[in-house]
Structures are given as structure tokens and as C-alpha cells.
Amino acid sequence: MGTFYITTPIYYVNDEPHIGHAYTTIMADVLARFHRLAGDEVLFVTGTDEHGQKVDEAAKKRNLSPQAHADEMVGRFRDLWRVLDISNDDFIRTTEARHTHVVTEILQRIYDAGEIYADNYEGWYCIPDERFWTEKDLIAGNCPDCGRPTVKISEKNYFFRMGKYQDWLIEHIETHPRFIRPEKRRNEILGFLRQPLGDLCISRPKSRLEWGIPLPFDENYVCYVWFDALINYITAPGYLADVARFEHWWPASCHLIGKDILTTHCVYWPTMLKAMGAPQPETIMGHGFWLVDETKMGKSLGNAVRPLDLADKYGVDAFRYFLVRAMTLGQDSDFSEVAFVQRYNTELGNELGNLLNRSVVMAARYLDGVVPNIDRNHAALGALKARTDLTLAAVGEAIDAMNPNAALDAIWRLVREANRFVEVQTPWNLAKDASKRAELEVTIYALLETMRQLAVLLFPVIPSKAREIWQQLGATGSPEDIHLDDLKPWGGLDANGEVAPGDPVFPRIEEVDVAKAEPREDLISFSEFQKLDLRVAKIEAADRVAGADRLLRLQIRLGDEQRQIVAGIAEHYAIDALIGRQIVVVANLQPATIRGVESQGMLLAASDDRDLALIAPDGEISTGAEVR
Ligand code: ME8
């Protein structure tokens, strides 16, 4: 027994939460609840990341101040966590005074200690990731992390002396095998650290971005959003505000994150803590992604699965169970509703739900619904009791290893053993023979007690269903108040209680309900499509349109023809990077005048809320070629 402090990433409030956010938060909740089950004192913190360019841009699009935008979006996260039964002890917002105060103080302290210096920065910047890159980091001009276009930047900035901690960090990772998990992620970071580690730019000039925590030593700058955000992990337990409380909880037992934010957590954060003189977290756990049709899910990709839709359709607990069960920690998993329903019907419906149902129904039918008083050492209990002991030990180990899936494996072995026990004991035959009354009672008691243990063990994953199971068993108290050790003396279910058979806890889902085809109102005919004259063109010159930050005037070659088009891509592409590139244009669009400049066509680009990428042929082809 000890303390267990677990965090989720604090999510950006630029978008509404999707299943990826739900996954991390549910996993953290399950881990928190498993540790409470093991008797640990738990602090579970989640929250929102509200500063920075992404949030600023999202707010601008809605004509709101960033604060008003954040105030509204934060409600969506809070509401979702309530619906999903998330038991967080704290919810931190980076715009709260308790946090901005800590960030300001840390900045000043490490600046005074010489850990931060000013320098001129020249390089490349990925707006969606809010990350700086050097020329050699880029892959074909794009961000090496996310593959999206970068922009060139040159300005004075403040830098944190991260590079000087490189050797220390490598050594720390190598001597602390639990520091970065799973192994694959640890190797990724060690690989990354084979290259020289530069210093970290931690400022943004206010002329470019005002939405952030001001640097205490230069009023013209705000703090880089990641430097601000990571600090939430120490703000929440009381860093600089309540020393005793902070020392009680810190270091964190587990920062649970997705693999997309590994470098910030495994490189920036440890070196920041080192510079502050604070201890390192015990574990940074980087899980894989939920994919849909093998691509990462996200609202901007248009393939986000909305957590509430599934929770509404199949129930919150089934949704929680599925997410925990279906992803092997560290690996990516393809999300499929069909797989969800299959697992639900087999594991929750047939195996667990059925076990409860037959146990309470037989108790009602053969024993008048009263929990019998039995000899707890009866020989017939052998296999089932032994399996329970093994399960408790395995669950304890899985909790230590922070592996809920291993706990569920062990729990399901017990569920299956109990179902086998019914088949072997055949209580319906025992009930026909008065001389077998004692064995009938032992059998039914064993099933009810196993269900009681299962309700306690499964409470972390399916809290409301565990309570329903508890009620049907007529057990007293509540499954959440019972610890793992309390289960060890087998036979804690009180005799003389009354079972209360109810509706199936996981009623079967008819597979035909899954994925009904939606009517399509948005189709066009082939002849309508054929009207489009799409052509390959080459950009020969480009310049900015006066008075419009987003617009470029492009001179393009289209076969023999030269044309001028206006395109809203200035924020995404540097002029130099455009010259000579092939693009795809709509060649038969009526000309239009945009900001006083005539545009004779339109280029095609893929864009989402954040990014934009030009559509181009995959290889050289003559300009003017048709796109069919
Ligand atoms: O990165 N599958 O916030 P964010 C699984 N504010 N998990 C996913 C996922 C997917 N397809 N998509 C997202 C940020 N996630 C920063 C964090 S922390 C100091 C600052 C989860 O809103 C996963 O946990 O982009 C990922 O790391 C996180 O959401 C990113 O959330």
C-alpha cells in the first residue's frame, strides 16, 4: 500500500473530445480505480491545455476570445468525463491562477539560475504541433513528426538549456527501466537521443501570439505552450503552493500519454524537472493509437468515432470494457464496431452476464433465494477456490505492472472456470436428489461468492454494472469499499442474504443493429462530375496579395497557357517552396476578382481545421495533363 499519482495528458480545447481522448482517460481511470482496489491512496488528475496557437486559432475561427472559447470547450470534456464515470480527483486548466502562478515562478527561477538565455532563432516551425525544427530535421520540407508542412521563421527568442542534460537523461533512462514504457517507446527515445540534443525554444513573441503566459523577464513574449502545459503535472499536487502536499504525491507514479507526445514527455519534461531540481516521475507510459481503417483517428481527419454515440448505444460500461480490453498496451488497434459487438456478446453477455444470471436464478429456484450457510472447506470447492486465489495474485501483479489487460485476462479465467464449475456440478441434477442438498448449497454458494469477488475485481472497469451485480447478489455494502486483501479469505458473502434476480446486466446485442447504412443525400451524378476540368499546372511565380495575410497570387503554366490564380495558402507555404511545383487546378472555373486581383481558376488542396497540403501528382507529368 502506498500512494499512486496518475495523470492524463491535458487535452487541447481546440476540438471536442474524441475516442482517443476517451481511451486515455478511461485507461487512467481504470488504473486509478485498480490502485484504490489494491488499497493505495490515489491522486488522479486530468485537465485541459488552453494556451498556444492552436487554441488561439480555433477561437479566432469562432470569433471568440481564446478564454471564452476555452471556457466553453472545457465543459465538453468535463461533461464527457462525468458520463464515462471518470473518477478524477482534480481537473486542471492551464488558465487557472494556481497554474499560471507556478509557471511564472518557475520561469523566473530558472532564468535567474542561468538555465534560460536569449538568442536569435532561425529555422522551421510546425504550427499544428507547435514545434521548432532545424532544416535537417525536415522530411521533404515537412514536419518529421506529423508530416505536415512547416513554415520558416527568424526571430529573437528565449531558450532553455536542454541540450546540456542529454548525457544525464540517457543515463537516467538506462538505469530506470520503468521510466519509459513500454520497451518500444523507450528504445524510440534512446534512438532520438543518439542525435545531439539542442536547446528548447520556450518563448513566442507577442507580435505573433499573445495567447500564453507572459514571460516574467520580458513582457514582449509569452511562454511556449508545451513548457507551460507540462508543468500542470506539478501544479496539481501543489508545487510551490503546498510543500507537504507536493512531497506527499510527487514524483508521479504514471504519466499516461499517447505515443504522439512521447518526446515532449520523455525529453522536455525530465530536463525541465532536472533544471528545477525536482525528482523524476516513475513511469511515462506511451500507449498506441486507435485507428479507423488503419489511419489515425481524429476529428480533423473526418473519421473520429464519437465516444458518446457508442456509450449511448451500448452503455458506458461496455464501452469502457471494450476500450481497455481491445488494445494491447503500446500497440495500435483498429477500432471496429463489429468487433465491439462480438466481444460484448461473447465476453460480457455469454460469459459474465450469463454466469450471474444462472447463479442468482438457481439460488432463487432451488434455495428460495436465500444465500446458504455452507462448509467453506467442502471438497467440491477445490478448483474454483484455487482459481480465485490465482486470480487475486495475478490481478495484484497486473496492478503493479500497470497492465489492466493482464488483470482482465486473469479475471476472465475465473469467469470461465466458474462456468465450467456449473457444467461439472450440474446443480439441476443435484436439486432432484434430496441427499445431495449439501452439495447443491455448496455449489450455489460458490457461484454467488465468485460473482461477488468478480464484482469487486471488475469494479475498476465496469463500475455501474458491478454495482448492479452486487445488488442482484443481495450482498451488503458496496463493491468499491472492498480491497483486494479483503477478498483473500474466500467466502465473504454473508449467509442468509437474499438474491434479487433482475434484468440481464449485458443484454445481447443483435448484430443486425450494427452499422446500418445511412441514407446518402450528398451524391452527385457522374455527368456532374465530368463537368469538372481538372488539370496539372506548374507554379512559375508567386507573390503576396497586398492587404491579405492568407492570400498568394500565383502565375501558373497550364500546357501552353499562362494563368494567374489567387490561393489562400500563404500561411502554409513559403513562396520559395512553391516555385517549380506541380499542382492540380480546376481549369474551367469562372474567373473571379479576389481583393482586386483576378483569379482564373482554383488550386486544389487538402485541408482540415489546422493544416493545408497541396494536391500534386505523384511523379512528373506534363503540365496541362488532365486529372481523371
Ligand atoms: O497533445 N488513439 O493534447 P491533445 C489513442 N495538449 N489516443 C489518442 C488518439 C488516438 N487516435 N488521439 C488522441 C495534446 N489521443 C497536449 C498534451 S500534456 C502536458 C499536453 C490521446 O488534445 C492520446 O493520449 O492533442 C494523446 O497523447 C492525446 O490524446 C493528445 O491530446
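Residues numbered from 1 in each chain as written. Predicted model: local features only at pLDDT ≥ 70, side-chain atom pairs only at ≥ 80, totals over all residues. Heavy atoms only, no water.

### Examining the overall build of the protein chain
Reasoning step 1: Looking only at helices and strands, one finds 21 helices and 25 strands in the protein chain.
Reasoning step 2: In terms of its C-alpha atoms, the protein chain occupies a principal-axis envelope of roughly 100 × 70 × 40 Å.
Reasoning step 3: A total of 628 residues make up the protein chain; the buried ones form 54% of that total.
Reasoning step 4: Considering only intrachain contacts with a sequence separation of at least 6, the fraction spanning at least 24 residues in the protein chain is 74%.
Reasoning step 5: Summed over its atoms, the accessible surface of the protein chain is roughly 27600 Å², and 48% of this surface lies on carbon and sulfur atoms.
Reasoning step 6: With 68 positive and 93 negative side-chain charges, the protein chain shows a spacing of 2 Å between the two charge centroids. (Helix = DSSP H or I, 4+ residues; strand = E, 2+ residues; numbered from the N terminus. Buried < 20%, exposed > 50% of the residue type's maximum accessible area, 1.4 Å probe, protein only. Contact = heavy atoms within 4.5 Å. Areas by Shrake-Rupley, 256 points an atom, 1.4 Å probe, with all protein chains shown as cover. Lys, Arg positive; Asp, Glu negative; His and termini not counted. Charge placed at Lys NZ, Arg CZ, Asp CG, Glu CD.)

### Side note on the sheet that holds strand β20 (residues 582–586)
Reasoning step 1: Strand order in the open sheet formed by 5 strands is β19-β18-β17-β20-β23, and the pairing between neighbours is antiparallel. The outermost strands of the open sheet, each flanked by one partner alone, are β19 (561–567) and β23 (602–603). (Pairing = 2+ DSSP bridges.)

### Focus on the side chain of H21
Reasoning step 1: Residue position: H21 is located in helix α1 (residues 19–37).
Reasoning step 2: Contact partners of H21, with chain neighbours within four places excluded, come to Y11, E16, F77 and W81.

### A closer look at the environment of T175
Reasoning step 1: Following the sequence through the fold, T175 ends up in helix α5 (residues 166–175).
Reasoning step 2: Given a relative accessible area of 48%, T175 falls into the partly exposed group.
Reasoning step 3: Of note is the side chain of T175, whose polar atom sits 2.8 Å from the backbone oxygen of E171. (Polar contact = N/O pair within 3.5 Å; in protein donor to acceptor, adjacent residues only side chain to side chain.)

### Structural notes on the packing of aromatic side chains
Reasoning step 1: This model, assessed by the stated rule, comprises 27 aromatic pairs.
Reasoning step 2: Between Y125 and F132, the ring centres sit 4.6 Å apart and the planes meet at 45°, which makes this aromatic pair tilted. Summarising the burial analysis for this pair, Y125 and F132 share the class buried.
Reasoning step 3: Site record: aromatic cluster; members linked through ring pairs are Y5, Y233, Y239, F246, W250 and W269.
Reasoning step 4: A cation over a ring is seen here: R78 above F91, with NZ or CZ 4.4 Å from the ring centre.
Reasoning step 5: Just above the ring of F506 sits the side chain of K465; from NZ or CZ to the centre is 5.4 Å. (Phe/Tyr/Trp six-rings, centres within 6.5 Å; stacked < 30°, edge-to-face > 60°. Lys NZ or Arg CZ within 6 Å of the ring centre and 35° of its normal.)

### Topic: the site of the ligand
Reasoning step 1: Around the ligand, 24 residues are found, and the nearest of them are I10, T24, D49, D260 and W290.
Reasoning step 2: Here G20 contributes a backbone N or O atom positioned 3.4 Å from a nitrogen atom of the ligand.
Reasoning step 3: In this structure, an oxygen atom belonging to the ligand sits 2.7 Å away from a side-chain N or O atom of D260.
Reasoning step 4: Across the complex, the protein chains shield 95% of the 670 Å² of accessible surface that the ligand would expose by itself.
Reasoning step 5: When residues of the shell around the ligand are traced back to their parent elements, those giving at least two are β1 (3–12), α1, α7 (225–230) and α8 (232–235).
Reasoning step 6: Per-element tally for the shell around the ligand: the top contributor is β1, with 4 residues. (Near = heavy atom within 4 Å.)

### Re the domain arrangement of the protein chain
Reasoning step 1: In terms of domains, the protein chain is made up of domain 1 (336–508) and domain 2 (526–614).
Reasoning step 2: Distance from the C-alpha centre of domain 1 to the C-alpha centre of domain 2: 66 Å. (Domains from an automatic or database assignment.)

### Digging into helix α6 (residues 183–192)
Reasoning step 1: Regarding α6, the residues found buried are R185, R186, I189 and L190. The arc enclosing the buried residues of α6, seen along the axis, measures out at 140°, which places them on a common side. The exposed residues of α6 that point more than 90 degrees off its buried face are E183 and K184.
Reasoning step 2: In the core, the buried residues of α6 are packed alongside α5, β7 (180–181), α10 (262–276) and β13 (284–287). (Arc of directions from axis to C-beta.)

### Some thoughts on the packing of α1 against helix α12 (residues 316–326)
Reasoning step 1: Packing of α1 against α12 leaves a shortest axis separation of 10 Å and a crossing angle of 90°. Regarding the angle of α1 to α12, the classification is roughly perpendicular. Contacts between α1 and α12 pair I19, A22, Y23, I26, M27, D29, V30 and R33 from the former with F319, R320, L323 and V324 from the latter.
Reasoning step 2: Looking at the contact of α1 with α12 residue by residue, the classes come out as 9 nonpolar, no polar and 3 charged. (Axes fitted to C-alpha atoms, helices over the stretch in contact; angles between N-to-C directions. Parallel < 35°, antiparallel > 145°, perpendicular 65-115°, else oblique. Nonpolar A, V, L, I, M, F, W, Y, C, P; charged D, E, K, R; others polar.)

### Observations concerning unusual backbone geometry
Reasoning step 1: That bond from R181 to P182 is cis: its omega, -10°, falls within 30 degrees of zero.
Reasoning step 2: By the secondary structure assignment, P182 is in the loop between β7 and α6.
Reasoning step 3: In the segment running from W250 into P251, the intervening peptide bond is cis, with an omega of 5°.
Reasoning step 4: Topologically, P251 is positioned in the loop between α9 (243–249) and β12 (254–258).
Reasoning step 5: Positive phi is not limited to glycine here, since A140 has a value of about 50°.
Reasoning step 6: Mapped onto the elements, A140 comes out in the loop between β5 (131–133) and β6 (151–160).
Reasoning step 7: At N496, a position not held by glycine, the phi torsion is positive, near 75°.
Reasoning step 8: Its place among the elements puts N496 in the loop between α19 (484–487) and α20 (526–530).
Reasoning step 9: With relative accessibility at 58%, the residue N496 sits in the exposed group.

### Observations regarding the sheet that holds strand β10 (residues 214–215)
Reasoning step 1: Read from one edge of the open sheet, 3 strands run β9-β11-β10, paired in antiparallel fashion. Both edges of this open sheet fall to β9 (203–205) and β10, since each of them pairs with a single strand only.
Reasoning step 2: Sheet topology note: the β10/strand β11 (residues 218–223) ladder contains 2 bridges and is antiparallel. Of the residues in β11, the one forming a bridge with P214 is V222.

### With respect to helix α18 (residues 463–473)
Reasoning step 1: Regarding α18, the residues found buried are P463, K465, A466, I469, W470, Q472 and L473.
Reasoning step 2: Taken together, the buried residues of α18 touch α1, α12, α13 (337–367) and α17 (437–458).
Reasoning step 3: At the C-terminal side of α18, G474 shows a positive phi close to 70°.

### What to know about the environment of A326
Reasoning step 1: Assignment of secondary structure puts A326 in helix α12.
Reasoning step 2: Residues A326 and G20 lie 306 residues apart in sequence; the distance between their C-alpha atoms is 13 Å.
Reasoning step 3: If near-sequence neighbours (up to four positions away) are discounted, A326 is found in contact with W290, S333 and R343.

### Focus: the confidence of the model for the protein chain
Reasoning step 1: Across the protein chain, the average pLDDT comes to 92, with 95% of residues at 70 or higher.
Reasoning step 2: This stretch, residues 515–520, has a pLDDT under 50; its non-local contacts, to residues over four places away or in other chains, come to 2 contacts. (pLDDT = per-residue confidence, 0-100.)

### A few points about the pairing of β13
Every regular strand shows the same layout, with side chains that alternate between the two sheet faces.
Reasoning step 1: Of the two faces of β13, the one holding I284 and G286 and the one holding M285 and H287 are both buried throughout.
Reasoning step 2: Pairing of β7 with β13 involves 2 bridges; the strand directions are parallel. Residue R181 lies in a different strand from β13, and its bridge partner there is M285.
Reasoning step 3: As defined by bridge partners, β12 adjoins β13 across 4 bridges and the pair is classed as parallel. Within the sheet, the bridge partner assigned to G258 lies in β13 and is H287.
Reasoning step 4: Taking the sense of rotation as the criterion, the β-α-β connection linking β12, α10 and β13 turns out right-handed. (Right-handed = clockwise from strand over helix to strand, strands pointing away.)

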